[in-house]
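An overview of the molecular structure
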Amino acid sequence: MNTANLQLQGLLLAVASVNSALVRKGLLDADEIDRALRKAEASLTGEDRLVDHLSPASRDAICFPIRLLQAANSRQGEDGVPGCSDLARMVGQTKDYYNDQM
C-alpha cells in the first residue's frame, strides 16, 4: 500500500479518536459532530457542487475521509473507534450514487 494512504489512515483514525474524546468529555455530542461532517460534505456535493468537473470516482475520493469520520462517529463506543478497514467497508456499503452514474 502507498505510504500516503497509510498516513491518511492514521490521520483519519486520529481525528475519529479526537471526535470520540470530545463526545466522551461532553464538549460536543455525536449529533453535533455529524452535522459538522454533513456540512463539510454538502459543501462538496451540494447545489454549489465544487466537484462537478470531477469524475464520480474522484468525487468519492474527496468525500471518503468525511464519510469515514461519519461512520466512526456513528459507531463509536466504549471500545473506541473501529479499525480503518471496517470503517472503509461501512462507507462502501452506504455509498450514494451520483446522478451521472446511473
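Residues numbered from 1 in each chain as written. Predicted model: local features only at pLDDT ≥ 70, side-chain atom pairs only at ≥ 80, totals over all residues. Heavy atoms only, no water.

1. Here's the deal with the nonpolar core
Ranked by internal contacts, the top residues of the largest apolar core, which has 15 residues, are L37, L68, L69, A71 and L87. For this core, the secondary-structure elements that each account for two or more residues are helix 1 (3-24), helix 2 (30-45), helix 3 (56-74) and helix 4 (84-93). The dominant element in this core, judged by the number of residues it contributes, is helix 3, at six residues. In this structure L37 touches I66, L69 and Q70, once residues within four positions along its chain are discounted. (Core = buried A, V, L, I, M, F, W, Y, C linked by side-chain atoms within 4.5 Å. Buried < 20%, exposed > 50% of the residue type's maximum accessible area, 1.4 Å probe, protein only. Helix = DSSP H or I, 4+ residues; strand = E, 2+ residues; numbered from the N terminus. Contact = heavy atoms within 4.5 Å.)

2. Looking at the confidence of the model for the protein
On average, residues of the protein score 83 in pLDDT, and 82% of them reach the 70 mark or higher. Across the protein, the element-wise mean pLDDT spans from 87 in helix 4 up to 90 in helix 2. (pLDDT = per-residue confidence, 0-100.)

3. Overview of helix 2
The end-to-end C-alpha distance of helix 2, which contains 16 residues, comes to 22 Å, matching closely the 22 Å that a straight helix rising 1.5 Å per residue would cover. Of the positions making up helix 2, those classed as buried are I33, D34, L37, E41 and L44. One side of helix 2 carries all its buried residues, which in axial view fall inside an arc of 100°. Across from the buried face of helix 2, at angles greater than 90 degrees, the exposed residues are D31, R35 and K39. The inward-facing, buried residues of helix 2 abut helix 1 and helix 3. Of the residues that open helix 2, the one with a side-chain oxygen 3.0 Å from the backbone nitrogen of D31 is D29. (Expected span 1.5 Å × (residues − 1). Arc of directions from axis to C-beta. Polar contact = N/O pair within 3.5 Å; in protein donor to acceptor, adjacent residues only side chain to side chain.)

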